[in-house]
Structures are given as C-alpha cells and as structure tokens.
Amino acid sequence: MPPTSPTNPTTRMVVFAQPGLGPIIRRDLARVTGSGNDGRADILLCEVPTGEEHKLLKLRTAEDVFVEIGRTLRTEGDQPHWIAGRLLKPNRLERAIQAAGPKRASTFRVVARVLQERSFQRTALRRALADAVGKARPDWKPADPARNEIWCVEYTKGRFIAGLRVSGVDQRQHGGRKEERQGALRPTVAAAMLGLATDRENARILDPCCGSGTILAEAKARGWNAVGCDIDTDAVRIARRNVDRVDIEQGDVRDLGFDDASFDACVSNLPFGRQYEVQGDPTNWLKATLGELARVTKPGGRVVVLVPELPRAAVPKSLRLKDRHSLRLLGTQTTIWTYDRLP
C-alpha cells in the first residue's frame, strides 16, 4: 500500500481473530502495522484506504473488526484514568464514528482487557474509559447491549489499543445455523481452512466428517461445489437442515464411495477431542482416513484437516505436509494441517 498522504489517506483498523488464525488473516490484509494477542484473540493492526473500511467486514476469517480510536503504552503512565485519557481523544472518537458509516444510535458500552492486573483491575480501566466516552459524547447513554461498543485491549505487553466496533454478530457466525450440534466448528475457522485448500473458482470440495455442515456452508458461500458425508445419521440430518442444495449422504470416511481423484480438495474437522471419538485405534483410524482422502483428491490438490495430532505413520506417502497452524478451540489445543496431494 502506498504511504499515507493528503491525496491517499488511510484509516487505522483493528481485526480480531481466533487464536492461531492471525497469520492466515494477515495474508488478506494490505498493510499490517502491528500484531499481538490479548489472551482471547489474535489481534492485527492494519491500515485501509479511507472510504474502504467496510471491506474488512467481508473477511470471513475475522471475528471482529474495529476502527481504531487510539493507542498508548503503560510506560507513559500506568493508571486507568491516564490510559483512558490518552486513548480516547474526542476528535479521534469523532473520526472513528465517521469512518464507521451510517449514523449510530445513542447507547454505548465499554469492553476492557488487560494482560496483567498488578497495577489496576480491568474493571477500573473500563470505568475510566466509560467516563471519557460520556464526556466526549454526552448524548450517548450507557447500556448493555448497546449500539456502540468501545473496546480497549492490551494486545501485547504494555501496549494498549482502543477501537469502535463496526462488525456485528454475522461477522462471527456468518448468518448462524438453523440447528446447533455440540462441538460445531466456528465458521471463521472453516473459512480459514477452505482458504488454505484452494484458490480455484468452482472448486469441488469434500467434507467427509461434515458434522453440522459448517465447512459445507462456507464452501457454498464461495460458490464451490460442496459434497458432504458423515457416519452419524443425526449429523447428516442436521447438516442437511443447515445447508440446503448440497449433496450430503451417510458414509464412513475410511471407505468413501467416490472414484479416485474426484475432488479438488478434501477439508474436514476430524472427530477428535472431548466431543466425539473414533472407532478402534486412533492411529489406525487416521491412517485409513488420510489414505481415503488422498485417494479421492486430485493430484495437485490439497487435504486440509483439523486435528490435534497426526502421527507420521498415519500419513500416506502421497501426501506432503505444506503447512500447519496451531490454534485453540473450545479450550483444546488443536492444529490445522495442510497437505499437498502429490502426482
């Protein structure tokens, strides 16, 4: 991105992602100026051309998007009212409101997150920020829920950033599901996995452990030809309800009823962890599963799976590891594994 100038102004933005997805989202941002993690989310600081702020709302891998209001350091004064005063200048708040778009209703709430509470409690920082917002915008009244959300986070040790939230619930849930299933994959993670799978238009994708259909829904949203199956009849019923006009059948991932090289990519959240278990020895199950996924994937295609561990003995020679991303979901550490299907 060209440097900021009067003829080429930019707006500072903040993007929140699931822990571990930051490096993936970074590839989709034109200019990243900083990054960190507040203990709950990966946080990316970036700049976009002024007037194009809402393009970040199209990032299906992002959990939340903010227009930046201000940033500061603990070393410049480590007390709540000092931090609040440096973060929230009335003119910066007004610029953020203008960048956020349509006229906003007159209620607000403040969210504060800190990495350590030795100097002060996060609740004290939240109160100080709420006071600063009230002084800057006396027409806004505190409420929960509220139309305007001001978030302040310590995104890396000693560094704070504040922003006005411009994303809504659809940013995280992508419209939601008609029926929930325990342990269902977050839509933002499904979107990240599909982004690692292929950049082909009209790709044909298989999710052989489709669960509630989240990966299928994301593939469909991209305009791809998605196919799903699951050994659990209840999962098939729920997936069919959540994702219409997609071929979803009952089937065992270890014995797929598809011809060799039928798909451009296979993408799946494999049933490991506290919610769902596999039949028999886990390594043998994984070996049979990856063998089938490699068989039905076209040479040059990809296999992308979400699972905590993949023993080397379970990976067929026709798959070569391209990348892996560790992340934390539902309190469990897991990994996105990306494999190239060799010729």
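From a predicted model like this one, the values you see are computed outputs, not experimental measurements.

Student: What's the story with helix α2 (residues 80–87) in this structure? I'm lost.
Tutor: Within an α-helix, residues lying three or four positions from one another point in the same direction, as the helix has 3.6 residues per turn. Among all positions in α2, only Pro80, Ile83, Ala84, Arg86 and Leu87 are buried. Axial view of α2: buried residues confined to an arc of 165°, hence all on one face. Buried residues along α2 sit in contact with β4 (64–73), α3 (90–100), α4 (122–136), β7 (148–156) and β8 (159–165).

Student: Help me understand the sheet that holds strand β1 (residues 10–17), please; the structure alone is not making it clear to me.
Tutor: Through backbone hydrogen bonds, the strands of a sheet pair up, either in parallel or in antiparallel fashion. Read from one edge to the other, the open sheet built from eight strands follows the order β2-β3-β1-β4-β8-β7-β5-β6, with strand pairing classed as mixed. Two strands lie at the open edges of the sheet, namely β2 (31–37) and β6 (141–142), each paired on one side alone. Bridge analysis of strand β5 (residues 107–113) against β7 gives six bridges, and the strand direction is parallel. Note that in β7 the partner of Phe108 across the bridge is Asn148.

Student: Just checking my understanding: could you explain the packing of α2 against α4 for this structure?
Tutor: Packed helix pairs are characterised by how far apart their axes lie and by the angle those axes make with each other. Put simply, α2 and α4 touch, their axes get as near as 8 Å, and they point 45° apart. In terms of orientation, α2 lies oblique with respect to α4. Crossing geometry of α2 relative to α4 is assigned as right-handed. Contacts from Pro80, His81, Ile83, Ala84 and Leu87 of α2 reach α4 at Ala124, Leu125, Ala128 and Leu129. Looking at the contact of α2 with α4, its residues break down into eight nonpolar, one polar and no charged.

Student: What exactly am I supposed to notice about the packing of helix α6 (residues 187–197) against helix α7 (residues 214–221) here?
Tutor: Viewed as axis vectors pointing N to C, α6 and α7 meet at an angle of 60°, and their least axial separation amounts to 9 Å. The orientation of α6 relative to α7 falls into the category oblique. Note on packing geometry: the crossing formed by α6 with α7 is right-handed. Where α6 abuts α7, its residues Pro187, Ala190, Ala191, Met193 and Leu194 lie against Thr214, Ile215, Glu218 and Ala219. Among the residues making up the contact of α6 with α7, the classes are represented as seven nonpolar, one polar and one charged.

Rules and cut-offs
- Residues numbered from 1 in each chain as written.
- Predicted model: local features only at pLDDT ≥ 70, side-chain atom pairs only at ≥ 80, totals over all residues.
- Heavy atoms only, no water.
- Buried < 20%, exposed > 50% of the residue type's maximum accessible area, 1.4 Å probe, protein only.
- Helix = DSSP H or I, 4+ residues; strand = E, 2+ residues; numbered from the N terminus.
- Arc of directions from axis to C-beta.
- Contact = heavy atoms within 4.5 Å.
- Pairing = 2+ DSSP bridges.
- Axes fitted to C-alpha atoms, helices over the stretch in contact; angles between N-to-C directions.
- Parallel < 35°, antiparallel > 145°, perpendicular 65-115°, else oblique.
- Left-handed = near helix turned anticlockwise from the far one by under 90°.
- Nonpolar A, V, L, I, M, F, W, Y, C, P; charged D, E, K, R; others polar.

Everything listed is a geometric property; what it means functionally is a separate question.
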